[in-house]
Amino acid sequence: MNSNNKVYVIIPAFNESKAIGPVLDNIKTLGYSNIIVVDDGSKDDTYDIAQSKGVIALRHIINRGKGAATQTGLDASKLLGADYAVTIDADGQHDPAEIHSLLTPLLNGQYDVALGSRLLAKNGMPLSRKIANKIGNIITYIFYGIYVSDSQSGFRAYNKKALGAINTTFDRYECEAEVLHQIKIHNLQYIELPISVIYSKYSMNKWKDIRDVPAQTFINGFKMVFKMIIRSITT
Amino acid sequence: MNYEFLAYQLIILFVAVMLIIRSIVLTIQGKKNFRELMLAILIWGVFAILALFPNLSTFIAHIFGFELGINFILTITTIILFASVLHLIVKTDKNNSEITQLVRQLALKEIKERKQDN
């Protein structure tokens, strides 16, 4: 990778004190030094751990959701003059080694956005999540006219053009679909690439404990659709 | 003409008149503006008129193609409630967006200050 390129890795995190440390260590080991952790109003030590690891730690004083935290990270990367930004989950379900795979088509100048897809990989996700994700993909297509294999993936990479264009307004998991909408609006070139997914005991259990659970669950899927309907009526 | 009022008519009439008087008092005290007063008089005035002349709802219902006055009232009430809920949701959504913007600006404050210093 050309060392002149400023790559920022953005990690939105909410109550991830158990996972954030190893995730940051892994990313740093791979040579990425520009790391932004956006602590989304955690009640635990997530922010302190991020600070102790020497990364850029930003804090939302109250919880606003993954979408809001991701956009804060993207805004921060823009302020810091990023050429590329990669968003990755804090719970360790994404493999940081795949950051390079996402960045490669962007560095080659072929694409503006690389979307990690858990469904293109062989060791994808459990069947229930696959079905929920498929429904999410169809809903995203109906609302935004863009069909991708994993509309809810948080592992994505953007070049400078995309960073300038994308500005999400949904606070929670609907933002992943909103990014796709903006890709279409701004006519950004995108590619889907397979990413592996690590469903650890920790990442599976935490969904039961936290308020802002992923959109892969059907209840949140309905909430997501409702918000998208309201936005489509009112904007 | 000899009018016989039923209890529900008197109750609705009493409540509507009290609420109109309350709105007038609040407007005089400067706690409500003129537009809000007019809206209150319009809404509660309609209730009072319908309470005084219940057959009026049937007459209006027929104009709009409803057989019964009660169907007309229920339909209009449902539409008003739906519009009110939608209005509240939109307003809440807007407030949430503004809170997020505020929280984001606070989170980015340090980076912005550092950038300005450089």
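Note that this is a predicted model, so its numbers are computed, not measured.

Rules of the game
- Residues numbered from 1 in each chain as written.
- Chains lettered and ligands numbered in written order.
- Predicted model: local features only at pLDDT ≥ 70, side-chain atom pairs only at ≥ 80, totals over all residues.
- Helix = DSSP H or I, 4+ residues; strand = E, 2+ residues; numbered from the N terminus.
- Buried ≥ 20, exposed ≤ 12 C-beta atoms within 10 Å, placed from the backbone.
- Contact = placed C-beta atoms within 7 Å.
- Nonpolar A, V, L, I, M, F, W, Y, C, P; charged D, E, K, R; others polar.
- Core = buried A, V, L, I, M, F, W, Y, C linked by C-beta atoms within 7 Å.
- Expected span 1.5 Å × (residues − 1).
- Pairing = 2+ DSSP bridges.
- Axes fitted to C-alpha atoms, helices over the stretch in contact; angles between N-to-C directions.
- Parallel < 35°, antiparallel > 145°, perpendicular 65-115°, else oblique.
- Left-handed = near helix turned anticlockwise from the far one by under 90°.
- Right-handed = clockwise from strand over helix to strand, strands pointing away.
- Arc of directions from axis to C-beta.

1. Things to note about the overall build of chain B
Here comes step 1: Regarding its fold elements, chain B presents 4 helices and 0 strands.
Here comes step 2: Taken from the N to the C terminus, the helices and strands of chain B come in the order α-α-α-α.
Here comes step 3: Taken over the C-alpha atoms alone, chain B extends approximately 85 × 40 × 20 Å along its principal axes.
Here comes step 4: Residues counted as buried form 9% of the 118 residues belonging to chain B.

2. Looking at the interface of chain A and chain B
Here comes step 1: The interface of chain A with chain B comprises 17 residues on the first partner and 14 residues on the second.
Here comes step 2: For the side of chain A that touches chain B, the elements supplying multiple residues, two or more each, are β3 (56-60), α3 (66-79) and α9 (218-234) of chain A.
Here comes step 3: Sorting elements by how many residues they give to the side of chain A that touches chain B places α3(A) first, with 5 residues.
Here comes step 4: Class assignment of the residues belonging to the side of chain A that touches chain B gives a composition of 9 nonpolar, 4 polar and 4 charged.

3. Here we look at the nonpolar core
One recurring pattern in soluble globular proteins: nonpolar side chains tend to sit buried together.
Residue and element names in this part refer to chain A.
Here comes step 1: One finds Val9, Ile11, Ile36, Val37 and Val86 to be the most contacted residues of the largest nonpolar core, which totals 63 residues.
Here comes step 2: For this core, the element with the most residues is strand β1 (residues 7-13), which contributes 6 residues.
Here comes step 3: Aside from chain neighbours lying at most four places away, what touches valine 86 is Val7, Val9, Ile10, Ile99, Leu102, Leu103 and Ala157.

4. Quick look at α3(A)
Residue and element names in this part refer to chain A.
Here comes step 1: If you check α3, its first and last C-alpha atoms are 20 Å apart, about what 14 residues at 1.5 Å a residue would give, namely 20 Å.
Here comes step 2: Most of α3 sits inside the fold, with 12 of its 14 residues counted as buried.
Here comes step 3: Burial in α3 covers these residues: Lys66, Gly67, Ala68, Ala69, Thr70, Gln71, Thr72, Gly73, Leu74, Asp75, Ala76 and Ser77.
Here comes step 4: In the stretch just after α3, glycine 81 is the one whose phi turns positive, near 80 degrees.

5. Re the environment of Thr46(A)
All names here are of chain A.
Here comes step 1: Structurally, threonine 46 is set in helix α2 (residues 46-52).
Here comes step 2: On the basis of neighbour count, threonine 46 is assigned to the buried category, with 27 C-beta atoms found within 10 Å.
Here comes step 3: For the pair threonine 46 and asparagine 159, spaced 113 residues apart in the sequence, the C-alpha separation amounts to 28 Å.

6. Side note on the sheet that holds strand β2 (residues 35-40) of chain A
Residues and elements named next belong to chain A.
Here comes step 1: Pairing within the open sheet is mixed, and its 7 strands lie in the order β3-β2-β1-β4-β6-β5-β7. Of all the strands in the sheet, just β3 and β7 (190-194) have a single pairing partner and so form its edges. Pairs of neighbouring strands in the sheet enclose a mean axial angle of 20 degrees, with direction left out of account.
Here comes step 2: Here 5 bridges tie β1 to β2, and the two strands are oriented parallel to one another. Each residue of the ladder has a partner; that of valine 9, found in β2, is isoleucine 35.

7. Here we look at the packing of helix α1 (residues 7-28) of chain B against helix α2 (residues 34-52) of chain B
Residues and elements named next belong to chain B.
Here comes step 1: Relative to each other, α1 and α2 sit at 165 degrees, their axes nearing to 9 Å. Our classification of the angle between α1 and α2 gives roughly antiparallel. In terms of crossing hand, the pair formed by α1 and α2 is left-handed. Contacts between α1 and α2 involve Gln9, Ile12, Leu13, Ala16, Val17, Leu19, Ile20, Ser23, Ile24 and Thr27 from the first element and Phe34, Leu37, Ala40, Ile41, Trp44, Gly45, Phe47, Ala48, Ala51 and Leu52 from the second.
Here comes step 2: Partitioned by chemical class, the residues of the contact of α1 with α2 number 16 nonpolar, 4 polar and no charged.

8. Details of the pairing of β3(A)
Residue and element names in this part refer to chain A.
Here comes step 1: Counting buried residues along β3, 4 of its 5 residues qualify, which places the element largely inside the surrounding structure.
Here comes step 2: Bridge count for β2 against β3 is 5 bridges, and the pairing is parallel. What sits directly across from aspartate 40, in β3, is histidine 60.
Here comes step 3: After leaving β2, the chain enters α2 and then returns to the sheet as β3, a path that is right-handed.

9. Examining the pairing of β1(A)
All names here are of chain A.
Here comes step 1: For β1, a buried count of 7 out of 7 residues is recorded, marking the element as mostly surrounded by other parts of the structure.
Here comes step 2: Sheet topology places β1 next to strand β4 (residues 84-87); 4 bridges connect them, and they run parallel. Of the residues in β4, the one forming a bridge with isoleucine 10 is threonine 87.
Here comes step 3: Note that the unit made of β1, helix α1 (residues 20-29) and β2 has a crossover that is right-handed.

10. Section: unusual backbone geometry
Residue and element names in this part refer to chain A.
Here comes step 1: Residue asparagine 15 is not a glycine yet carries a positive backbone phi of 50 degrees.
Here comes step 2: Backbone geometry at asparagine 187 places phi at a positive 55 degrees, although glycine is not the residue there.
Here comes step 3: Within the secondary structure, asparagine 187 sits in the loop between α7 (174-185) and β7.

11. Focus on α1(A)
Residues and elements named next belong to chain A.
Here comes step 1: Buried within α1 we find Ile20, Val23, Leu24 and Ile27. Viewed end-on, α1 has its buried residues packed into an arc of 95 degrees, placing them on one side of the element. Of the residues in α1, the exposed ones pointing more than 90 degrees away from the buried face are Pro22, Asp25 and Thr29.
Here comes step 2: Considering only its buried residues, α1 is in contact with β1, β2 and α2.

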